[in-house]
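This is what each chain is made of:
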Amino acid sequence: MSVFGCTLGWEGQEPTLPKHTSKTAGTKPSLAELRIDLAGKIVAHTPSAGETATTVPGLTLFRQTAPTACYLASVEPSVTIFVQGRKQINIGGVEYHCDETSFLIACIDLPIQSQIIEASAAAPQLSMRLRLDMQIVREVVSREDLPQGKSSADRRGLAVGQSTAALLGASTRLIDLLDTPEDIPFLGHLIEREIIYRILRTAQGERLRVIATAGNLSHRTAKAIAWLSANYARPLRMEELAEIARMGVSTLHHQFRALTAMSPLQFQKQLRLRAARERMLRDGLDATSAAYEVGYESVSQFNREYSRFFGQPPMRDIKAIRNGNIVTIDAA
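Everything numeric in this text was worked out from a predicted model, so none of it was measured.

### Topic: the sheet that holds strand β8 (residues 94–98)
Here comes step 1: Ordered by their spatial adjacency, 4 strands build an open sheet running β5-β10-β7-β8, and the pairing between neighbours is antiparallel. Here the strands that pair on one side only, and so sit at the sheet edges, are β5 (71–75) and β8. Each neighbouring strand pair of the sheet contributes to a mean axis angle of 35°, computed without reference to strand direction.
Here comes step 2: Relative to strand β10 (residues 110–118), strand β7 (residues 86–91) is paired through 5 bridges, and the arrangement is antiparallel. Across the sheet, the residue bridging to Lys87 is Ile116, located in β10.

Listed below in structure tokens is the structure:
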């Protein structure tokens, strides 16, 4: 059974820890060795399962010990490095698969459907996420000595690529700062710039480059997406959104779908439904109050769309979550 592209339930054998391979003195570590090293550092700095915020600005560590049901989440401009386990992400019906060899780059704010499909207590799903400061991205992109990245035909604002040794090395050094907090203010931004540079050298980094380039259609569309993400409860007026992006309505529709794999209306709907679910869980709102809070004018329409996305009516869904029958995770 599936809901909006995610499989409810999971299959497969329990994952095992990767085996350490021997290396000769003086040789560079292999990708497998770099992943093992990074995985060990993530485990060392995650005292419990779940999401762990760190003292490095924008850096969050994740250790998940069991598969999850499919859940709605949001991503912001960020890069996530995976070193163990598997996750499946869906935006607009397009699936992305992340395993221990992958990194995920999100160039814009996006509502996604996400599911951890391989994780256990013995071999948890391990990853680290660095929120990207788009001003720093623009500074890096504008440098004349930045080598031209690899081109890609993919225009979406989210992409999955293969982690390189240089990217894993920089990621490890960023986590190492947690052991020397006095170095974070000076070295943190330098390593963040290196991680951005390493991403820009990949084919997936081309999306980050064009979105960070002022005047580009993708950059202007991203401004409209950011506005809609912050104002999802307001009525959607395409003319107003097009004015923010400084382009025609039909052009915006085309660019919006190219970046998000969704129409603006579908994008807004997912934001509203996730926000409503959070309000009911966190603040104890009933379905009617939550519907109006997130901008719905018709409660019956809210109930229909909620049931379609989450598989059951609002209050039944909230009760199941509180009883532990459904696992939800806020972070993507």
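### Description of helix α12 (residues 314–322)
Here comes step 1: For α12, every residue scored as buried is listed here: Pro314, Asp317, Ile318, Ala320 and Ile321. Axial view of α12: buried residues confined to an arc of 160°, hence all on one face. More than 90 degrees from the buried face of α12, the exposed residues found are Arg316 and Lys319.
Here comes step 2: If you follow the buried residues of α12, they end up packed against α9 (264–283), α10 (287–293) and α11 (299–310).
Here comes step 3: A positive phi of about 80° marks Gly324, the residue just after α12.

### Looking at the pattern of salt bridges
Here comes step 1: Under the defined criterion, the tally for this structure stands at 14 salt bridges.
Here comes step 2: Here Glu206 ties to Arg209 by a salt bridge, and the two come within 3.4 Å at their closest N and O atoms. Of this pair, Glu206 and Arg209 both sit in helix α5 (residues 205–212), 3 residues apart, roughly one helical turn.
Here comes step 3: Relative accessible area serves as the criterion here: at 10%, Arg209 is assigned to the buried category.
Here comes step 4: Between Asp283 and Arg279 there is a salt bridge, and its shortest N-O distance comes to 2.5 Å. Here Asp283 and its partner Arg279 are both found in helix α9, 4 residues apart, which amounts to about one turn of the helix.
Here comes step 5: Given the relative accessible area of 38%, Asp283 is considered partly exposed.
Here comes step 6: Taking the relative accessible area as the measure of exposure, Arg279 reaches 22% and is therefore partly exposed.
Here comes step 7: When salt bridges with common partners are traced through the structure, they connect Arg279, Arg282, Asp283 and Glu293 into a single cluster.

### Focus on the confidence of the model for the protein
Close reading of the predicted structure is inappropriate where its pLDDT is low.
Here comes step 1: Here the protein shows a mean pLDDT of 88. Residues at 70 or above account for 88%.
Here comes step 2: Note that pLDDT drops below 50 for residues 1–5; the model gives that stretch 17 contacts with residues more than four away or on any other chain.
Here comes step 3: pLDDT under 50 marks residues 7–17. Its contacts with residues more than four places away, or in other chains, come to 26 contacts.

### So, the pairing of β8
Side chains on a regular strand alternate between the two faces of the sheet.
Here comes step 1: Strand direction decides the pairing type here: β7 and β8, joined by 5 bridges, are antiparallel. Residue pairing for β8: Asn90 is matched across the bridge by Glu95.
Here comes step 2: The hairpin turn running from β7 into β8, its antiparallel successor, is 2 residues long, and Gly92 in that turn takes a positive phi close to 60°.

### Brief notes about helix α6 (residues 217–230)
The α-helix winds at 3.6 residues per turn, so residues separated by three or four positions along the chain end up facing the same way.
Here comes step 1: If you check α6, its first and last C-alpha atoms are 20 Å apart, about what 14 residues at 1.5 Å a residue would give, namely 20 Å.
Here comes step 2: Buried within α6 we find Ser218, His219, Arg220, Thr221, Ala222, Ala224, Ile225, Leu228 and Ser229.
Here comes step 3: Buried residues along α6 sit in contact with α2 (134–141), α5, α7 (238–245), α8 (249–260) and α9.

### What to know about the sheet that holds strand β4 (residues 59–64)
Here comes step 1: Here we have 6 strands laid out as an open sheet, ordered β3-β4-β11-β6-β9-β12, and antiparallel in their pairing. Two strands close off the open sheet at either side, each with one partner strand: β3 (50–53) and β12 (158–162). Each neighbouring strand pair of the sheet contributes to a mean axis angle of 20°, computed without reference to strand direction.
Here comes step 2: The sheet contacts of helix α1 (residues 31–44) involve β4, β6 (78–84) and β11 (125–131), and relative to β11 the element is tilted by about 80°.
Here comes step 3: Helix α3 (residues 165–176) rests against β4, β6, β9 (102–106) and β11 of the sheet, and its axis sits at about 80° to β11.

### With respect to unusual backbone geometry
Here comes step 1: In this structure, Arg246 is a non-glycine residue whose phi angle is positive, near 55°.
Here comes step 2: Relative to the helices and strands, Arg246 is located in the loop between α7 and α8.
Here comes step 3: On the accessibility criterion, Arg246 (53% relative accessible area) is exposed.
Here comes step 4: The phi angle at Ala261 is positive, at roughly 65°, despite the residue not being glycine.
Here comes step 5: If you trace the backbone, Ala261 turns up in the loop between α8 and α9.

### What about the packing of α9 against α11?
Here comes step 1: In contact at an axis separation of 11 Å, α9 and α11 are set at 90° when each is read in the N-to-C sense. Here α9 lies roughly perpendicular to α11, going by the angle between them. Only Phe302, Glu305, Tyr306, Phe309 and Phe310 of α11 make contact with α9, whose side of the interface consists of Lys269, Gln270, Leu273, Ala276, Arg277 and Met280.
Here comes step 2: For the contact of α9 with α11, a count of residues per class yields 7 nonpolar, 1 polar and 3 charged.

### Regarding the pairing of β9
Here comes step 1: Of all the 5 residues making up β9, 5 are buried; the element is thus mostly covered by neighbouring parts of the structure.
Here comes step 2: With burial as the criterion, each face of β9 is covered, one bearing Ser102, Leu104 and Ala106 and the other bearing Phe103 and Ile105.
Here comes step 3: As paired elements, β6 and β9 share 4 bridges and run antiparallel to each other. Bridge pairing in β9 links Ile81 to Phe103.
Here comes step 4: Bridge count between β9 and β12: 5 bridges; the pairing is antiparallel. Within β12, the residue paired with Ala106 across the bridge is Leu158.

Criteria and cut-off values
Residues numbered from 1 in each chain as written. Predicted model: local features only at pLDDT ≥ 70, side-chain atom pairs only at ≥ 80, totals over all residues. Heavy atoms only, no water. Pairing = 2+ DSSP bridges. Helix = DSSP H or I, 4+ residues; strand = E, 2+ residues; numbered from the N terminus. Axes fitted to C-alpha atoms, helices over the stretch in contact; angles between N-to-C directions. Buried < 20%, exposed > 50% of the residue type's maximum accessible area, 1.4 Å probe, protein only. Arc of directions from axis to C-beta. Contact = heavy atoms within 4.5 Å. Salt bridge = Lys/Arg side-chain N within 4 Å of Asp/Glu carboxyl O. pLDDT = per-residue confidence, 0-100. Expected span 1.5 Å × (residues − 1). Parallel < 35°, antiparallel > 145°, perpendicular 65-115°, else oblique. Nonpolar A, V, L, I, M, F, W, Y, C, P; charged D, E, K, R; others polar.

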